[in-house]
Amino acid sequence: MDRPSSLALRVAVKKFGAQYLPGAAEVAVALSGGADSLALVAAAVAQDWAVTALIVDHGLQRDSAEVAAQARDQALALGCRDASVLSVIVDGAGGLEASARNARYAALEQSRGGLPVLLAHTLDDQAETVLLGLGRGSGGRSIAGMRPWDAPWGRPLLDLRRTETRSACAELGLTPWEDPHNVDSRFVRVRLRHEVLPLLEQVLGGGVAEALARTAASLRDDGDALDAQARAAFPASEGLAISNLRDLTPAIRRRVIRLWLLAGGALDLNDNQIRAVDALVMQWRGQGGVAVGADLSYQRLVASRSGDELVLSVHDVAR
């Protein structure tokens, strides 16, 4: 018979499946071997899905291969249909955390075989994400946090705390791996987890993580409504007429600009880039173009103003 925390996880996964994956028979689960992902695998198997565990070996610790092999054995013992270890090289730009995340998601995307991938992010992860976005001034989209479903990624545990996943593992007799990076104060998220959030809980009298998660959910609802208005206003053309943008409210105008940039091949847009392009519309002083992120080698994607239009062009970069 299920005990409280393991039952809570099963209920959360069942509710998620009914809302976002009705009729699904197979899923993949990203498994690190830690308490969150191990408990999620157990709950997904209990949901009677055919579960494929995808274990990413980042190679960042000497025993990473052994940790990955142990996670694979645990997944199969829990009843997963299959479990695969995906070895990646973490060498991208943006620091260790960002590079590892990018490598991980790329490996999961390549190996999921068309299946939805369940990720073990909890309410604590959501609160940390909101604080990071707030501290970096990344705009409402970042502060809105992670979505429960952002195809193909699903997060069934966003309403549960880490204490519940740990308790569930104990109830099920599972021994999770303790990632040493989770207590390494070199990482901003670790300091948020162990220093900032506990202090906020103390100063504000508790309930801070839940409040941050509620704030994120509220911002997502507001953002979705504004995005719908922006899609209705977005003209299907190569250029974007300045005259069509001036009368839009700032929130809608910047969303239209974002849609236009994404349609033109931009990637990983941030609030500063979007506001800089918006300045070409509303604060035009003859300034040059704005470089935005794109998947280009030795080239860059630039948004600039030409007459009454915003235009995108590709510029060569010296090697």
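Residues numbered from 1 in each chain as written. Predicted model: local features only at pLDDT ≥ 70, side-chain atom pairs only at ≥ 80, totals over all residues. Heavy atoms only, no water.

Chemist: Provide a residue-level description of the overall build of the protein chain, including the pertinent values.
Modeler: Counting secondary structure elements, the protein chain contains twelve helices and ten strands. Since a compact globule built from 319 residues should have a radius of gyration of about 20 Å, the 22 Å found for the protein chain is in line with a globular shape. Overall, the C-alpha framework of the protein chain stretches about 70 × 45 × 45 Å when taken along its three principal axes. The buried share of the protein chain, reckoned over its 319 residues, is 43%. Counted over contacts in the protein chain with a minimum sequence separation of 6, partners at least 24 positions apart contribute 67%. Here the protein chain displays about 16600 Å² of accessible surface, and carbon together with sulfur accounts for 50% of that area. The positive charge centre, built from 34 side chains, and the negative charge centre, built from 38, are 4 Å apart in the protein chain. (Helix = DSSP H or I, 4+ residues; strand = E, 2+ residues; numbered from the N terminus. Rg over C-alpha atoms; globule rule 2.2 N^0.38 Å. Buried < 20%, exposed > 50% of the residue type's maximum accessible area, 1.4 Å probe, protein only. Contact = heavy atoms within 4.5 Å. Areas by Shrake-Rupley, 256 points an atom, 1.4 Å probe, with all protein chains shown as cover. Lys, Arg positive; Asp, Glu negative; His and termini not counted. Charge placed at Lys NZ, Arg CZ, Asp CG, Glu CD.)

Chemist: How would you summarise the UniProt feature "domain: tRNA(Ile)-lysidine synthase substrate-binding" (unreviewed entry) in the protein chain if you had to cite specific residues and measurements?
Modeler: On the UniProt side, "domain: tRNA(Ile)-lysidine synthase substrate-binding" (unreviewed entry) is annotated at positions that read residues 240-301 here. Note that residues 240-301 is 48% helix and 13% strand, and that its end C-alpha atoms are spaced 16 Å apart. (UniProt positions renumbered as here; feature names shortened; annotations may be inferred.)

Chemist: Explain the nonpolar core residue by residue, including any values.
Modeler: With 33 residues, the main nonpolar core has V29, L31, W49, V51 and L118 as its most contacted residues. Per-element tally for this core: the top contributor is helix α2 (residues 35-46), with nine residues. Sequence-distant contacts of V51, defined by excluding residues within four places in its chain, comprise V27, V29, A44, V45, C80, R81 and D82. Listed in part, the 19 residues of the second largest apolar core include I242, L245, A266 and V290. (Core = buried A, V, L, I, M, F, W, Y, C linked by side-chain atoms within 4.5 Å.)

Chemist: An account of the sheet that holds strand β2 (residues 50-57) is needed here, citing residue identities and associated values.
Modeler: Here we have six strands laid out as an open sheet, ordered β3-β2-β1-β4-β6-β5, and mixed in their pairing. Each of the sheet's edge strands pairs with one partner strand only, and the pair in question is β3 (82-87) and β5 (149-150). (Pairing = 2+ DSSP bridges.)

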